[in-house]
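The primary structure of each chain is shown beneath.
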Amino acid sequence: MPIVELYPPERLARLARRRRLVKGLLYLLAAAALAVCVVLTCRVNTHNIYDMLLACICISVGAAWIIIYFGIYVVRDGGRELAHARHLADGPRESLSGQVAILPLKVRIRNSVTLRKLRVETAEGPVECSVHVDRAEELRRAGPRLTLYTVHGYVVAWQRMEEEASHADP
Amino acid sequence: MRILKNIWAQLHRFVFWALILSLLWAWIYTFVGDTTRDKKLILCVDAYALEQRPLALRLEDECLPAGIKMIQVRSFGYDFLGTELEGDLYLMKASILEAALTDTPGKLAPLTLPEGMAGYTREGKTWGILAFDPATQHGPAMDYIQYTPLPDPEPEAYYLCIDAASPHYGAQDNAAWELALAFLRID
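Residues numbered from 1 in each chain as written. Chains lettered and ligands numbered in written order. Predicted model: local features only at pLDDT ≥ 70, side-chain atom pairs only at ≥ 80, totals over all residues.

1. Here's the deal with the confidence of the model for chain A
Mean pLDDT over chain A works out to 90, with 95% of the residues at or above the 70 mark. Element-level mean pLDDT values for chain A span from 56 in helix α4 (residues 161-168) of chain A up to 96 in helix α1 (residues 9-42) of chain A. (pLDDT = per-residue confidence, 0-100. Helix = DSSP H or I, 4+ residues; strand = E, 2+ residues; numbered from the N terminus.)

2. Description of the domain arrangement of chain B
Once the domains are mapped, chain B shows domain 1 (2-31) and domain 2 (36-185). Domain 1 of chain B and domain 2 of chain B are separated by 43 Å when their C-alpha centres are compared. (Domains from an automatic or database assignment.)

3. Here's the deal with the confidence of the model for chain B
Do not read the fine detail of predicted coordinates wherever pLDDT is low. Residue and element names in this part refer to chain B. When pLDDT is averaged along chain B, the result is 90, and 100% of the positions lie at 70 or above. For chain B, helix α1 (residues 2-9) is the element with the lowest average pLDDT, namely 90, and helix α2 (residues 11-32) is the one with the highest, namely 96. Both scores are given for the predicted complex: the pTM is 0.76, the ipTM 0.80.

4. Here we look at the domain arrangement of chain A
Residues and elements named next belong to chain A. One can read the domain layout of chain A as domain 1 (4-88) and domain 2 (93-168). Here domain 1 and domain 2 have C-alpha centroids that lie 34 Å from each other. Taken together, the contacts link eight residues of domain 1 with twelve residues of domain 2. Breaking the side of domain 1 that touches domain 2 down by element, the ones donating at least two residues are β1 (4-5) and α2 (49-89). The element contributing the most residues to the side of domain 1 that touches domain 2 is α2, with four residues. Broken down by class, the residue content of the side of domain 1 that touches domain 2 amounts to four nonpolar, one polar and three charged. (Contact = placed C-beta atoms within 7 Å. Nonpolar A, V, L, I, M, F, W, Y, C, P; charged D, E, K, R; others polar.)

5. Some words on the interface of chain B and chain A
Taken together, the contact between chain B and chain A spans 17 residues of the former and 16 residues of the latter. Looking at the side of chain B that touches chain A, the elements that each hand over two or more residues are α2 and α3 (52-62) of chain B. Along the lines of polarity and charge, the residues of the side of chain B that touches chain A split into eleven nonpolar, four polar and two charged.

6. Topic: the nonpolar core
Counting 46 residues, the largest nonpolar core has L43(B), L89(B), L91(B), C161(B) and L179(B) as the members making the most contacts within it. Within the residue set of this core, elements represented by two or more residues are β1 (40-45), α3, β3 (70-75), β4 (89-93), α4 (94-103), β6 (125-132), β8 (158-162) and α5 (175-185) of chain B. A per-element tally of this core places α5(B) first, with seven residues. Formed by 18 residues, the second largest nonpolar core is a distinct cluster that contains L118(A), V131(A), V156(A) and W158(A). (Core = buried A, V, L, I, M, F, W, Y, C linked by C-beta atoms within 7 Å. Buried ≥ 20, exposed ≤ 12 C-beta atoms within 10 Å, placed from the backbone.)

7. Side note on the pairing of strand β6 (residues 154-160) of chain A
Residues and elements named next belong to chain A. When β1 meets β6, the two strands line up antiparallel, connected through two bridges. The partner of E5 across the bridge, within β6, is A157. Pairing analysis gives six bridges linking strand β5 (residues 145-151) to β6, with the strands arranged antiparallel. Paired with T147 across the bridge in β6 is Q159. Hairpin connection of β5 to β6: two residues between the antiparallel strands, including H152 at a positive phi of 55°. (Pairing = 2+ DSSP bridges.)

8. Brief notes about the packing of α1(A) against α2(A)
Residue and element names in this part refer to chain A. Closest axis-to-axis distance for the α1/α2 pair is 9 Å, and the angle between their directions is 165°. Overall, the two elements α1 and α2 adopt an arrangement that is roughly antiparallel. By crossing handedness, the relation of α1 to α2 is classed as left-handed. Among the residues forming the contact of α1 with α2, the class breakdown is 23 nonpolar, five polar and four charged. (Axes fitted to C-alpha atoms, helices over the stretch in contact; angles between N-to-C directions. Parallel < 35°, antiparallel > 145°, perpendicular 65-115°, else oblique. Left-handed = near helix turned anticlockwise from the far one by under 90°.)

Structure (structure tokens):
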């Protein structure tokens, strides 16, 4: 069974590309909303002033909400995940094999990613490590008995143990 | 579900920016919705009830003298006459007009009325044009202005006066007079 990397270069490249694209679109949206509001404001007269005011508020608030949402969940969190992955890329790897339990506890590192705690029942005893919250589901789907590869206590890759065993038996 | 959770987690930011942007636009529009004194005419009305915006819109439709971009209608009370109130025209009751002439001399401009137009005369000068006549119970713009409280056994006359300091009254610029005539024509 091959080792599954959580942060393969293609995934990181895709994430960086998506982040750049969304960031550009958000800048474009902000500029467009501002331009529309300026145009509306320039067309104000006594008859339409309240309609124009309402339109400007709706457009700018709508744009601001979209920018906040995607700015936080795509641009900011994407940037943090990239930084986290790059930080782990060249670190010394350790492996942990055993029964993996994903704990309900979420840990948020200040100005960085949110992590999920894992407990691995190794032959030497239980060991705790962490995985990016969005990657926890991937580990859950992989099954309970895994070999986890960690850098500084963060999971960067995994491998199914049963498959290893079945390959080894013959 | 995840989107809703994300929105809920950032609700404080959404609310904060909605408030900030609403206040910012409202502040900007206080400037956008106004113009310099030389480009607007101000009609101050002392009545029991007044629909300011609809009356201003009607007056702009009826008469927008050359060089004027906006007509503002404001509600005012007698107390304001002694202050820095910047109006071009004042619509006020006869009793208020009498008091204003005594208490704030020089505030109102003497008028020269054309033939057939009734006015308020004191010391040989005309100070106001009769707008609401209590005898006929009729006045201009009655859809926008309530001249008498209901019921009023002794309604008072209303006069339209021009501010002596108005930049729009005189030989150079007579927009205030044009607006006065337009106001009196509104049925």
